[in-house]
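Chain residues, written in single-letter form:
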Protein chains: 2
Amino acid sequence: MGGDKAPGEIVQGALQAAEQLGVDVLLVGLPDAVEGHGLPTLTCSEVIGMDEDPGQGVRRKKDSSLVRAAEAVRDGKASAMVSAGNTGATMGAALLRMGRLKGVHRPAIATPIPVPGTTPTILLDAGANAECTAEWLVQFARMGAVMATERFAIDKPRIGLLSIGEEETKGNSLVKEAHLLLRDAGLNFVGNVEGRDILTDEIDVVVTDGFTGNVALKTLEGGIKFIVGKVFEAMMSSDEAKEAAKVLLPALAPVAEDLDPDSHGGAMLLGVDGVCIISHGSSSARAVVNAVRVAKDMVEKDLVDRLRVVVTGAA
Amino acid sequence: MGGDKAPGEIVQGALQAAEQLGVDVLLVGLPDAVEGHGLPTLTCSEVIGMDEDPGQGVRRKKDSSLVRAAEAVRDGKASAMVSAGNTGATMGAALLRMGRLKGVHRPAIATPIPVPGTTPTILLDAGANAECTAEWLVQFARMGAVMATERFAIDKPRIGLLSIGEEETKGNSLVKEAHLLLRDAGLNFVGNVEGRDILTDEIDVVVTDGFTGNVALKTLEGGIKFIVGKVFEAMMSSDEAKEAAKVLLPALAPVAEDLDPDSHGGAMLLGVDGVCIISHGSSSARAVVNAVRVAKDMVEKDLVDRLRVVVTGAA
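## Side note on the overall build of chain A
Then comes step 1: A tally of helices and strands in chain A yields 11 helices and 10 strands.
Then comes step 2: By the compact-globule yardstick of 20 Å for 315 residues, chain A fits well, its C-alpha radius of gyration being 20 Å.
Then comes step 3: For chain A, the spread of C-alpha atoms along the principal axes amounts to about 60 × 60 × 35 Å.
Then comes step 4: Considering chain A as a whole, with its 315 residues, one finds that 56% of them fall into the buried category.
Then comes step 5: For chain A, restricting intrachain contacts to residue pairs at least 6 apart in sequence, the fraction spanning at least 24 positions comes to 68%.

## Let's talk about helix α5 (residues 87-98) of chain A
All names here are of chain A.
Then comes step 1: Between the first and last C-alpha of α5 there are 16 Å, a value that for 12 residues agrees with the 16 Å anticipated at 1.5 Å per step.
Then comes step 2: Within α5, 11 of the 12 residues are buried, leaving the element largely enclosed by the surrounding structure.
Then comes step 3: At the C-terminal side of α5, G99 shows a positive phi close to 85 degrees.

## Side note on the relation of the copies chain B and chain A
Then comes step 1: For the pair chain B and chain A, the superposition axis carries a translation of 0.0 Å, the fit reaches an RMSD of 0.0 Å, and the rotation angle comes to 180 degrees. These values place the two chain copies in the arrangement generated by a two-fold rotation axis. The C-alpha atom lying nearest the rotation axis in chain B is that of B:A244; the distance is 2.2 Å.
Then comes step 2: The residues that chain B uses at the interface reappear at the interface of chain A in 100% of cases, marking a shared surface.

## Points about the pairing of strand β9 (residues 267-270) of chain A
All names here are of chain A.
Then comes step 1: Residue alternation in β9 divides its side chains into two sets, A267 and L269 and M268 and L270, and both sets are buried.
Then comes step 2: Across three bridges, strand β4 (residues 108-113) lies against β9 in antiparallel orientation. Bridging across to β9, A110 finds its partner in M268.
Then comes step 3: In terms of strand pairing, β9 meets strand β10 (residues 275-278) through two bridges, oriented antiparallel. Within β10, the residue paired with M268 across the bridge is I277.
Then comes step 4: Counted between consecutive antiparallel strands, the loop separating β9 from β10 contains four residues, among which G271 sits at a positive phi close to 115 degrees.

## A closer look at the domain arrangement of chain A
How large an interface is tends to be reported as the accessible area lost when its parts come together.
Residues and elements named next belong to chain A.
Then comes step 1: What the domain assignment reports for chain A is domain 1 (8-104 + 271-302) and domain 2 (111-262).
Then comes step 2: Relative to domain 2, the C-alpha centre of domain 1 lies at a distance of 25 Å.
Then comes step 3: The interface of domain 1 with domain 2 comprises 13 residues on the first partner and eight residues on the second.
Then comes step 4: The element that contributes the greatest number of residues to the side of domain 1 that touches domain 2 is helix α10 (residues 285-300), accounting for five residues.
Then comes step 5: Taken together, the residues of the side of domain 1 that touches domain 2 sort by class into five nonpolar, six polar and two charged.

## Observations concerning helix α1 (residues 8-21) of chain A
All names here are of chain A.
Then comes step 1: Taking 1.5 Å of rise per residue, the 14 residues of α1 would be expected to cover 20 Å, and the 20 Å separating its terminal C-alpha atoms lies within 8% of that figure.
Then comes step 2: As for α1, its buried residues are in contact with β1 (27-29) and α10.
Then comes step 3: G22 sits one or two residues past α1 and shows a positive phi near 65 degrees.

## Looking at the pairing of strand β4 (residues 108-113) of chain B
Residues and elements named next belong to chain B.
Then comes step 1: Of all six residues making up β4, six are buried, and the element is well covered by its neighbours.
Then comes step 2: Residues A108, A110 and P112 of β4 are buried on one face, and the alternating residues I109, T111 and I113, pointing to the opposite face, are buried as well.
Then comes step 3: Judged from the four bridges that link them, β4 and strand β5 (residues 121-124) form a sheet pairing that is antiparallel. Residue pairing across strands places T111 opposite L123, the latter belonging to β5.

## Quick word on the packing of helix α8 (residues 210-235) of chain A against helix α9 (residues 239-259) of chain A
Residues and elements named next belong to chain A.
Then comes step 1: Packing of α8 against α9 leaves a shortest axis separation of 10 Å and a crossing angle of 160 degrees. Classified by the angle their axes make, α8 and α9 are roughly antiparallel. Along this stretch, α8 crosses α9, giving a crossing that reads as left-handed. Here α8 contributes I224, A234 and M235 to the contact with α9, which in turn contributes A241, K242, A245 and L259.
Then comes step 2: Tallied by class, residues from the contact of α8 with α9 come to six nonpolar, no polar and one charged.

## Some remarks on the interface of chain B and chain A
Then comes step 1: With 42 residues of chain B at the contact, the number on the chain A side is 42 residues.
Then comes step 2: Put simply, the parts of the chain that give the side of chain B that touches chain A at least two residues each are α8 (210-235) and α9 (239-259) of chain B.
Then comes step 3: Examining the composition of the side of chain B that touches chain A, we find that 19 residues originate from one element, α8(B), more than from any other.
Then comes step 4: Among the residues making up the side of chain B that touches chain A, the classes are represented as 24 nonpolar, 11 polar and seven charged.

## Structural notes on the sheet that holds strand β5 (residues 121-124) of chain A
Residue and element names in this part refer to chain A.
Then comes step 1: If you walk across this open sheet you meet the eight strands as β3-β10-β9-β4-β5-β8-β6-β7, and the pairing is mixed. The open sheet has two edge strands, β3 (80-83) and β7 (189-193), and neither has a second partner. Mean inter-strand twist for the sheet, computed between neighbouring axes without regard to direction, equals 25 degrees.
Then comes step 2: With respect to the sheet, helix α6 (residues 134-152) is in contact with β4, β5, β6 (159-162), β8 (205-207) and β9, its orientation differing from that of β8 by roughly 165 degrees.
Then comes step 3: Sitting on the sheet, α10 touches β3 and β10, and the angle it makes with β3 is about 160 degrees.

Cut-offs applied
- Residues numbered from 1 in each chain as written.
- Chains lettered and ligands numbered in written order.
- Predicted model: local features only at pLDDT ≥ 70, side-chain atom pairs only at ≥ 80, totals over all residues.
- Helix = DSSP H or I, 4+ residues; strand = E, 2+ residues; numbered from the N terminus.
- Rg over C-alpha atoms; globule rule 2.2 N^0.38 Å.
- Buried ≥ 20, exposed ≤ 12 C-beta atoms within 10 Å, placed from the backbone.
- Contact = placed C-beta atoms within 7 Å.
- Expected span 1.5 Å × (residues − 1).
- Least-squares fit on C-alpha atoms with pLDDT ≥ 70 in both.
- Pairing = 2+ DSSP bridges.
- Domains from an automatic or database assignment.
- Nonpolar A, V, L, I, M, F, W, Y, C, P; charged D, E, K, R; others polar.
- Axes fitted to C-alpha atoms, helices over the stretch in contact; angles between N-to-C directions.
- Parallel < 35°, antiparallel > 145°, perpendicular 65-115°, else oblique.
- Left-handed = near helix turned anticlockwise from the far one by under 90°.

Next up, the structure:
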């Protein structure tokens, strides 16, 4: 039921995922939306809207698709949960119904930021916790490293702490404290990084609090969208320009494809007792297929158990 | 002496500014660098390096170009100061030698972010204060509004508070507190904005703490640079592509020109008792000319006096 294109594109994506990936996709939603597509369903009577207050939504709407989906994972009826809906409510439902892993301070949203030409950079926390302690950031780093290894096959993920200068003396008090803790955490911590390092091959995991992470993510998305829009405008500005654009497209298409969030399968909520994929709000069917692909992959690789070990071993 | 291209480009820029703008430019620096160009000079014996610790640099190097330049403004030998050097040291020198305006909690770096097609968005604080109180943010908003009016002729600047959602309940505790204060500050406060709003015509001044602001700024710069680089790569990928690029350039050039920081004249340190322009570290001669142009304009418009009134009237 979630996302701007629900239920149409979401259901289409589920059908394609079932066919292409051989996964049993359980559709969770209102009967009208999910029934009659030939997929197994779990029906509910409520929906938490995209703009609804997440906390209230999850508490009051116990028969909503998000809460029911999280319960399905908890009860073993589903191996993972995929949602393009209200991010806060997805998080709340997963946290309340699946529960957090033992030893986890706070679950974090880990968003893979595509870097054309190399593996994505994982940014976390991308918005789950507006206020964090240094200890939480260290745990985010541990969880992000596990995700980088399991999802992107990065052997020793390079971890950076988002700050406003490389020197350990720079930053706010949270960053200064986290820097010292990260140095002694037994991780491949490469030090402080800046916003401009996110889109490079220099770093695999960027750790930050959920406020800064969300601001950075949205600023980056806004900036890229702006420039891509301007380039597109220029390409459409005359018949001659349109012809020229056709010549350039073969070189630009792979970059555009790689930057398209639909190509990647979405963010993950790390620290809950189950795989939870958060796809962006304008997810197309293709985005859903890729999200299901990642969900399947993370279940098969026992991501949650690996997180459990890392978190318990060094909480 | 400051910036990656100093002293060559900086001196060239000063010469061009003197000629084109009819401004008396006083060159401050080591004798070898500043003498013999036909401009008045103020020589010194020390330089604070780009990567030097700002606090130590300013305290120890009392005969550095940055400290001497700030003194020249304090002593009335110069009407404004322009630097492409170490940002922290520029700030420190200006603060120590010019002093802060009465009633100013903390000076802030106000960076105009170019938005092709409309006036720039002023982001402040872009890095002067890694940790802020809500009261400081309100004062940043007041000072940013004055700058928007004086520098970009915006009558009633629309002020936004950088957060992670438009709702006033979203954000960290600093943002929540600042939101309430800004609502009652008598400013044209339009509420919380997100990173993606910076590059739009919806907002004139974006207020944030110096940590978040600096992260947002560098993330945006990094993202734009990345995409522009990819487009350029595509344009150079074959002879055919190079030909096609020539057709598109007339449409893309104005956007590139507008996004180029050299076109705009740099950031300003607001809250000190003098005009202080901070140009970026890779400033070309053209950047220096534009920085001097803005300095002249701000002196002529009595920016500092207007800030003084706004800050004293409602501190």
